[in-house]
Amino acid sequence: MGDDSSRSIVKSLKNEWSLFLEAFQGEDADETKPSQDAFATGQLEVLDLEQIREMTKALVEDRKKLNQKLESLSKEIDLNSAKLESLRLVGGEEDETMSRINELHDLGQSMAQALQKLDKQLRSIREQEDKLNEELLTS
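Because the structure is predicted, anything quoted here is derived from the model rather than measured.

Engineer: Describe in detail the overall build of the protein, supporting the description with residues and values.
Structural biologist: Summing up its helical and strand segments, the protein has four helices and zero strands in all. Counted from the first residue to the last, the protein has its helices and strands arranged as α-α-α-α. Within the protein, the fraction of its 139 residues that count as buried is 29%. Pairs at least 24 apart in sequence give 76% of the contacts found in the protein among residues at least 6 apart. As presented, the protein carries roughly 9300 Å² of accessible surface, and 49% of it is formed by carbon and sulfur atoms.

Engineer: Explain the UniProt feature "coiled-coil region" (unreviewed entry) in the protein to me, and be specific about the residues and the numbers.
Structural biologist: According to UniProt, the "coiled-coil region" (unreviewed entry) feature falls on residues 49–83. Along residues 49–83, the helical share is 100% and the strand share 0%, with 51 Å between the first and last C-alpha atoms.

Engineer: Give a detailed account of the packing of helix H3 (residues 49–90) against helix H4 (residues 95–138), specifying residues and quantitative values.
Structural biologist: Where H3 contacts H4, the axes come no closer than 8 Å and their chain directions differ by 160°. Between H3 and H4, the interaxial angle falls into the category roughly antiparallel. Where H3 crosses over H4, the two elements pack in a sense that is left-handed. Of the residues belonging to the contact of H3 with H4, the class tally is 24 nonpolar, 10 polar and 11 charged.

Engineer: I'd love a proper account of the nonpolar core, names of residues and values included.
Structural biologist: Counting residues in hydrophobic clusters, the biggest one holds nine residues: Leu47, Leu49, Ile52, Met55, Leu59, Leu118, Leu122, Ile125 and Leu132. Of all elements in the fold, only H3 and H4 reach the threshold of two or more residues within this core.

Engineer: Can you explain the confidence of the model for the protein? Please cite residues and give values.
Structural biologist: Averaged over all residues, the pLDDT of the protein equals 78, while 67% of them reach at least 70. Summarising per-element confidence for the protein, the mean pLDDT is lowest in helix H2 (residues 33–41) (51) and highest in H3 (91). Counted against residues more than four places away or in other chains, residues 27–37, with its pLDDT under 50, gives eight contacts.

What counts and how
- Position numbers for residues count from 1 along each chain, tracking the sequence in the order it is written.
- Side-chain atom pairs in this predicted model are given and counted only at pLDDT of 80 or more, local residue features only at pLDDT of at least 70, and totals for whole chains, interfaces and linings cover all residues.
- With hydrogens and water set aside, each side-chain value is computed from the structure's full complement of heavy atoms.
- For helices the rule is a DSSP run of H or I covering at least 4 residues; for strands it is a run of E covering at least 2, with both sets numbered from the N terminus onward.
- Buried residues are those whose accessible area, probed at 1.4 Å on protein chains only, stays under 20% of the maximum for their type, while exposed residues exceed 50% and partly exposed ones sit between those limits.
- Whether two residues are in contact is decided by their heavy atoms: any pair within 4.5 Å suffices.
- In short, Shrake-Rupley with a 1.4 Å probe defines the accessible areas, and a residue's cover is counted only from the protein chains shown.
- UniProt positions are given in the numbering used here, feature names are shortened, and annotations may be inferred rather than shown by experiment.
- Whenever a helix is involved, its axis is fitted only over the stretch in contact; in every case the axis is a line through C-alpha atoms, and angles between N-to-C directions fall within 0 to 180 degrees.
- Orientation is classified from the angle alone, with under 35 degrees giving roughly parallel, over 145 giving roughly antiparallel, 65 to 115 giving roughly perpendicular, and any other angle giving oblique.
- Crossings are classed by handedness, with left-handed meaning an anticlockwise turn of the near helix from the far one by less than a right angle and right-handed meaning a clockwise turn.
- Polarity classes work like this: nonpolar for Ala, Val, Leu, Ile, Met, Phe, Trp, Tyr, Cys and Pro, charged for Asp, Glu, Lys and Arg, and polar for all others, with Gly in that last group.
- We call a set of buried residues a nonpolar core when its members are Ala, Val, Leu, Ile, Met, Phe, Trp, Tyr or Cys and they connect through side-chain atoms within 4.5 Å of each other.
- pLDDT is defined as a per-residue confidence score from the predictor, taking values between 0 and 100.

So, in structure tokens, the structure goes:
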């Protein structure tokens, strides 16, 4: 029963992660396309202050969700590590649990890389927002 629960959690995390990446990359939403183009080309200055604030808000929300998923993933790794330790103590078969831990670890590394990319974009958009705010104050 614990194995089925662990598998469903891993499957759920994989599904959520793929949906997050799909949404983050803007494959299914035309409204995010300008922001993706702006990040890819470095042309954030073509966006107005309101668009930048909306992007900042969306990026902060994405970062919050990603951090929550990383926390959930960490808990799952901890549970599987405890299970692995128990299996080792009783001399049980640990290959499946070890495989699951490795799978979760790889997923966590992917999430961490996405979080770094998101933080970089957030930093860039906040710099542009600061620049636009300064321009508004000086004009």
